[in-house]
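# Working through the structure, step by step
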Amino acid sequence: MATKPGILTEWPWARLGNFKYLVLAPFVGHSIYTYFMSKDESQRDLVYIIILPLLLSRVIHNQIWISLSRYRTAKGNNRILDRSIEFDQVDRESNWDDQIIFNGLIYYIGYLLLEQAHHLPLWRTDGIVMIALLHIGPVEFLYYWLHRALHHHFLYSRYHSHHHSSIVTEPITSVIHPFAEHISYFMLFAIPLLTVTLTETPSITAFGAYITYIDFMNNMGHCNFELIPKWIFSMFPPLKYLMYTPSYHSLHHTQFKTNYSLFMPMYDYIYDTLDMSSDTLYKKSLEREAEVPDVVHLTHLTTPESIYHLRLGLASLASKPQSSKWYFWLMWPATLWSIMITWIYGHTFIVERNLFKNLKLQTWAIPKYRIQYFMKWQREIINNLIEEAIMEADQKGIKVLSLGLLNQEEQLNNSGELYIRRNPQLKVNVVDGSSLAVAVVINSIPKGTSQVVLRGRLSKVAYSIALALCQGGIQVVTLDEEEYKRLKTKLTSEAATKLVLSKSYNVSKTWLVGDGLSEDEQLKVPKGTLFIPYSQFPPSKARKDCFYFSTPAMITPKHLENVDSCENWLPRRVMSAWRIAGILHALEGWNENECGNMMFDIDKVWKASLDHGFCPLTMASATESKN
């Protein structure tokens, strides 16, 4: 919101939520009906029905820019500003598609009202030239002075301050304005389109190209990485007056009183509002190399739809815990396309970057889905991808690489030991995070608990939890005789006295659960049972009268920067123990691997996490973080 919201700030359909697209339904339905169902050939107008594909192409165009910008700024090369983007900006910019709906309504209404807009030819040179001249002249000139007026304290506080709340811009920042401001912009951009229509010189190409040009320049100017090469301006020097660069407009968002022009800087030159550091920032951004982090967290995709929840995916979905959405089935063509791309690309990619004090962090993802980790024929392929990522990190001089989700699966690579054995010369420390995961689970058990049930597939973490609890005097109950025998072999004789085999599901209301917990078992436990997972993936929730805790995770301190997405199903600003473990490893300067059977001192790791500002995640804090 602006600091002092003025009239017509809210969009008319704001209260409709995701159903706002229904405002276009009558026009879409009418256009389809008249084109396909009309018996009168004169009623079948390609212009009318093509409006919907044009709107969809604009959505896709914007999304491509979002993904590209987030990837490039995470990678670091040619990045302009280093400041962070947080959840408040993501929430503020989540309605970026409102302007597409608004424009769509105007296009449909304009078509129905203007007879000259019917049955347009594909191409008309005179109309295209007229649009270009009208944009260079009236549109750019009027926008410049409108923009300066919007920076007057009266209009700025009521409207334009909403846009300038985003210091570090993303492509969609370009269209984040109050409703009234968008009306004024549309009136400006309508000048060329309305003129060619009334002079009967329009064409489908002219309309489509002009709208695409506006979207392209808007997105490019707010993408926060420089992509215009020097040779373009060297070949045609006057171009610097006719085309701005991302760094040029970025200065407007940091300096506020310079670089007012729309897309063509010539009016800043004419009226002496050019920022003198424009050329310097442009060159500096172009020369900037990719960032080398101190710590890398290596994760992977989970479900086919998880691509949308990545930071590179849909920004609004990425800012919320991963969950299934009813409309995902409508997106299956895009989902299938993304699966094919990840299958073909087959290389680790950068997902996001963060800053913890002076520690540079990056998250990399393996382009494999959860189901593929359980396919025997995929194991060697996945192991090779993980090993390539580790070797790349080692070559770049990265200090620590933590293995997330199934990348540290014992059956896959024995908690990362496979890579250390293959490459004994590695300098990068490979961390599976088991010690902190154990510490988080143990400290999630309610105080005063004397007995817990351990259920699910036994793992390195499960064995360590059982040993720590038994040594601490807490009775560990197992319901399976084979699991009981396997656990007993891992315990000391003294600790084994606290291990109990039982056939009853009512022995305790505190269950520590891993993979393999069935819904039938959940239905047998007493009401009010607390399920605390020790696995990377949460169990399915079969009971509404029980409590389900998060997978091992902690709340991050405020000085963790550039946090604008959620880690899988975890709430905002909550990070998995396996990911935190890598950060602690670098902060504490521990120069050893945590792989295979290797475990750190649990109390030492837990204390280090608290000392560095990470906080335990409680049921109350988890609920609060989701809101």
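Refer to the structure printed above.
Source: prediction; values computed, not measured.

## Observations regarding the overall build of the protein chain
A count of helices and strands for the protein chain gives 26 helices and 15 strands. Counting only residues that meet the buried cut, the protein chain has 56% of its 627 residues in that class. Long-range pairs, those at least 24 residues apart, make up 71% of the contacts in the protein chain between residues at least 6 apart in sequence. Carbon and sulfur atoms provide 61% of the accessible area of the protein chain, an area that totals close to 28,400 Å².

## Here we look at helix 17 (residues 376–396)
With 21 residues, helix 17 extends 31 Å from end C-alpha to end C-alpha; this agrees with the ideal 30 Å at 1.5 Å per step. By the burial criterion, the buried members of helix 17 are Gln-378, Ile-382, Asn-383, Leu-385, Ile-386, Glu-387, Ala-389, Ile-390, Ala-393 and Asp-394. In the segment just after helix 17, Gly-397 is the residue with positive phi, at about 85°.

## A closer look at the nonpolar core
Among the nonpolar cores identified, the biggest contains 56 residues, and Leu-436, Leu-454, Ile-465, Leu-469, Leu-512 and Tyr-534 are the most heavily contacted of them. Listing elements by their share of this core, those giving two or more residues are strand 3 (359–366), helix 20 (434–442), strand 6 (451–455), helix 21 (460–471), helix 22 (481–490), strand 10 (530–533), helix 24 (577–588) and helix 25 (602–611). For Leu-469, the contacting residues outside a window of four places in its chain are Ile-442, Ile-445, Val-452, Ile-474, Val-476 and Leu-512. The next biggest cluster of nonpolar side chains, apart from the first, holds 32 residues, and it includes Ile-131, Leu-193, Tyr-210 and Ile-228.

## Brief notes about the sheet that holds strand 4 (residues 400–403)
Taken together, six strands build an open sheet; the order of strands is 5-4-1-3-2-13 and the sheet is mixed. Here the strands that pair on one side only, and so sit at the sheet edges, are strand 5 (429–431) and strand 13 (560–561). Two elements, strand 1 (residues 295–300) and strand 4, share four bridges in a ladder whose sense is parallel. Bridge assignment links Val-295 to a residue of strand 4, and that residue is Val-400. Helix 24 contacts strand 1, strand 2 (349–356), strand 3, strand 4 and strand 5 of the sheet and is inclined by roughly 160° relative to strand 4.

## Focus on the sheet that holds strand 15 (residues 615–616)
As summarised here, the arrangement of the three strands in space is 14-12-15, forming an open sheet in which the pairing is antiparallel. Here the strands that pair on one side only, and so sit at the sheet edges, are strand 14 (574–576) and strand 15. As paired elements, strand 12 (residues 553–555) and strand 14 share three bridges and run antiparallel to each other. When the sheet's bridge partners are listed, Ala-553 is paired in strand 14 with Ser-576.

## Some details on unusual backbone geometry
What you tend to see is this: most non-glycine residues have negative phi, and most peptide bonds are trans. The residue Asn-259 is not glycine, and still its phi comes out positive at about 55°. As for its position among the elements, Asn-259 is in the loop between helix 11 (246–255) and helix 12 (266–270). By relative accessible area, which is 0% here, Asn-259 ends up buried. With a phi close to 55°, Ser-415 is a non-glycine residue in the positive phi region.

## Here we look at the side chain of Glu-93
For Glu-93, the location among the structural elements is in the loop between helix 3 (87–92) and helix 4 (98–113). In this structure Glu-93 is buried but unpaired, with Arg-92 as the nearest side chain of opposite charge at 4.8 Å. A distance of 2.7 Å separates the side chain of Glu-93 from the side chain of Thr-173, its partner in a polar contact. Non-local contacts of Glu-93, meaning those with residues more than four positions away in its chain, are made with Ser-166, Glu-170, Ile-172, Thr-173 and Ile-176.

## Here's the deal with the pattern of salt bridges
Inspection of the entire model under this criterion finds 27 salt bridges. Of the charged contacts, one joins Lys-230 and Glu-287 as a salt bridge, the two residues approaching to 3.7 Å between their closest N and O atoms. With Lys-230 in helix 9 (residues 230–235) and Glu-287 in helix 13 (residues 278–287), this residue pair connects regions lying 57 residues apart in the sequence. Residue class for Lys-230 comes out partly exposed when judged on its relative accessible area of 39%. With a shortest N-O distance of 3.5 Å, Arg-579 and Glu-567 are connected by a salt bridge. Residue Arg-579 is found in helix 24, and its partner Glu-567 is found in the loop between strand 13 and strand 14; the two are separated by twelve residues along the sequence. Here the salt bridges do not stand alone but share partners, grouping Arg-70, Glu-170, Arg-311 and Asp-564 into one network.

## Section: the pairing of strand 3
The buried fraction of strand 3 amounts to seven of the eight residues, a majority that puts the element mostly inside the structure. In the sheet, strand 1 pairs with strand 3 via six bridges, with the strands oriented parallel. For Val-296, the partnering residue across the bridge sits in strand 3 and is Gln-362. Inspection of the sheet shows strand 2 paired to strand 3 by seven bridges, in the antiparallel sense. Along strand 3, the bridge assignment pairs Arg-353 with Gln-362. Hairpin connection, strand 2 to strand 3: the antiparallel pair is bridged by two residues, and Lys-357 has positive phi, about 60°.

## A closer look at the packing of aromatic side chains
Between two aromatic rings, the relevant description is the distance of the centres plus the angle of the planes. Considering all chains together, one arrives at 31 aromatic pairs under this definition. Look at Phe-27 and Tyr-108: their rings are 5.5 Å apart centre to centre, the planes differ by 15°, and that puts the pair in the stacked class. In this pair, Phe-27 is assigned in helix 1 (residues 25–36) and Tyr-108 in helix 4, connecting sequence segments 81 residues apart. Judged by relative accessible area, Phe-27 falls into the buried class, the value being 18%. An aromatic cluster is defined as three or more aromatic residues linked by ring pairs; in this entry it consists of Trp-11, Trp-13, Phe-102, Tyr-107, Phe-179 and Phe-186. A cation over a ring is seen here: Lys-490 above Tyr-463, with NZ or CZ 5.1 Å from the ring centre.

## A short note on helix 20
Most of helix 20 sits out of view: eight of its nine residues are buried. Lining the buried residues of helix 20 we find helix 21, strand 9 (510–513), strand 10, strand 12, helix 24 and helix 25.

## A look at the packing of helix 20 against helix 25
Two elements in contact, helix 20 and helix 25, have axes whose closest approach is 9 Å; the angle formed by their N-to-C orientations is 80°. Considering their axes alone, helix 20 and helix 25 lie roughly perpendicular with respect to each other. For the pair helix 20 and helix 25, contact is made by Ser-435, Leu-436, Val-438, Ala-439 and Val-440 and by Ile-602, Val-605, Trp-606 and Ser-609, respectively. Partitioned by chemical class, the residues of the contact of helix 20 with helix 25 number seven nonpolar, two polar and no charged.

## Description of a nonpolar patch on the surface
A grouping of Trp-326, Trp-329, Leu-330, Trp-332, Leu-336, Met-340, Trp-343, Ile-344, Trp-377 and Ile-381 is seen on the molecular surface, where their side chains present a nonpolar patch of about 1,200 Å² in accessible area. Those elements giving two or more residues to the nonpolar patch turn out to be helix 16 (332–345) and helix 17. The dominant element in the nonpolar patch, judged by the number of residues it contributes, is helix 16, at five residues. Along the chain, Leu-330 turns up in the loop between helix 15 (315–318) and helix 16.

## Brief notes about the packing of helix 20 against helix 24
Remark: helix 20 packs on helix 24, axes separated minimally by 8 Å, with the N-to-C direction vectors making an angle of 125°. By the angle class used here, helix 20 and helix 24 are oblique. As helix 20 packs across helix 24, the resulting crossing turns out to be right-handed. Across the interface between the two elements, Ser-434, Leu-436, Ala-437 and Val-440 from helix 20 touch Ala-577, Trp-578, Ile-580, Ala-581 and Leu-584 from helix 24. Across the contact of helix 20 with helix 24, the residue classes break down as eight nonpolar, one polar and no charged.

Definitions and limits used
Residues numbered from 1 in each chain as written. Predicted model: local features only at pLDDT ≥ 70, side-chain atom pairs only at ≥ 80, totals over all residues. Heavy atoms only, no water. Helix = DSSP H or I, 4+ residues; strand = E, 2+ residues; numbered from the N terminus. Buried < 20%, exposed > 50% of the residue type's maximum accessible area, 1.4 Å probe, protein only. Contact = heavy atoms within 4.5 Å. Areas by Shrake-Rupley, 256 points an atom, 1.4 Å probe, with all protein chains shown as cover. Expected span 1.5 Å × (residues − 1). Core = buried A, V, L, I, M, F, W, Y, C linked by side-chain atoms within 4.5 Å. Pairing = 2+ DSSP bridges. Axes fitted to C-alpha atoms, helices over the stretch in contact; angles between N-to-C directions. Lys, Arg positive; Asp, Glu negative; His and termini not counted. Salt bridge = Lys/Arg side-chain N within 4 Å of Asp/Glu carboxyl O. Polar contact = N/O pair within 3.5 Å; in protein donor to acceptor, adjacent residues only side chain to side chain. Phe/Tyr/Trp six-rings, centres within 6.5 Å; stacked < 30°, edge-to-face > 60°. Lys NZ or Arg CZ within 6 Å of the ring centre and 35° of its normal. Parallel < 35°, antiparallel > 145°, perpendicular 65-115°, else oblique. Nonpolar A, V, L, I, M, F, W, Y, C, P; charged D, E, K, R; others polar. Patch = residues over 30% accessible without salt bridge, like charges linked within 9 Å, V, L, I, M, F, W, Y side chains within 5 Å. Left-handed = near helix turned anticlockwise from the far one by under 90°.

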